[in-house]
Amino acid sequence: MHAHHHHKPAPFQAPVVRLDGEEIPAAEIAAEMQHHPASDGAQAWRKAAEALVIRRLLVAEARRQGIAPAPEAEETEEEALVRHLLDAEVQVPQADEATCRRWFEANRARFRTSPAWQAGHVLLAEVKADPARLPDIARQVSDCPSRAEGGALGLL
């Protein structure tokens, strides 16, 4: 009969990450991991390594295009190169006024404001003076679906 030993999972072995034959230092990946929350170390390591590979590819492409880095404020030279490359390559569509108006008309409900705001402080004073009146006041002035319940929202 064999006694069953519970083996601890092997500690995470960080794989070597290479891009175009060049190894990305483990310390650099470890430092990047703080920006990639994950359920376990291996997943965080993979996300961090991916981010570094992508950044290196973007920097390499910026240099290939001869972009001159012009860092702003706290930026590193690499961050400036990536920003310039993305500014040049990524086209963000600009909506004209007609497009904006069409979208506004189609989404009007999102912009509805409650007329009860102007009288807000008066209502609060009334409710503070006589808390038992809240249900009546809510039924009269509320825009909330809870007005039918006298402002009651149920258990929250």
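Residues numbered from 1 in each chain as written. Predicted model: local features only at pLDDT ≥ 70, side-chain atom pairs only at ≥ 80, totals over all residues. Heavy atoms only, no water.

Here the focus is the pattern of salt bridges. Enumeration according to the criterion identifies nine salt bridges in this entry. Measuring nitrogen to oxygen at the nearest pair gives 3.4 Å for the salt bridge that ties R83 to E72. Taken together, the positions of R83 in helix α3 (residues 77–89) and E72 in the loop between α2 (41–64) and α3 put the pair eleven residues apart, joining distant regions of the chain. For the salt bridge of E105 with R108, the shortest nitrogen-to-oxygen distance reads 3.0 Å. The class for E105 is partly exposed, based on a relative accessible area of 48%. (Salt bridge = Lys/Arg side-chain N within 4 Å of Asp/Glu carboxyl O. Helix = DSSP H or I, 4+ residues; strand = E, 2+ residues; numbered from the N terminus. Buried < 20%, exposed > 50% of the residue type's maximum accessible area, 1.4 Å probe, protein only.)

Attention shifts here to the nonpolar core. If you look at the biggest cluster of nonpolar residues, it comprises seven residues: V17, I24, I29, W45, A48, A49 and L52. The greatest single-element share of this core, amounting to four residues, is contributed by α2. Apart from the residues lying within four places of it in its own chain, the contact partners of I24 are V17, I29, L52, V53 and R56. One finds V59, I67, L81 and V82 within the second-largest nonpolar core, a separate group that totals six residues. (Core = buried A, V, L, I, M, F, W, Y, C linked by side-chain atoms within 4.5 Å. Contact = heavy atoms within 4.5 Å.)

Interpretation in functional terms is not warranted from these geometric data alone.
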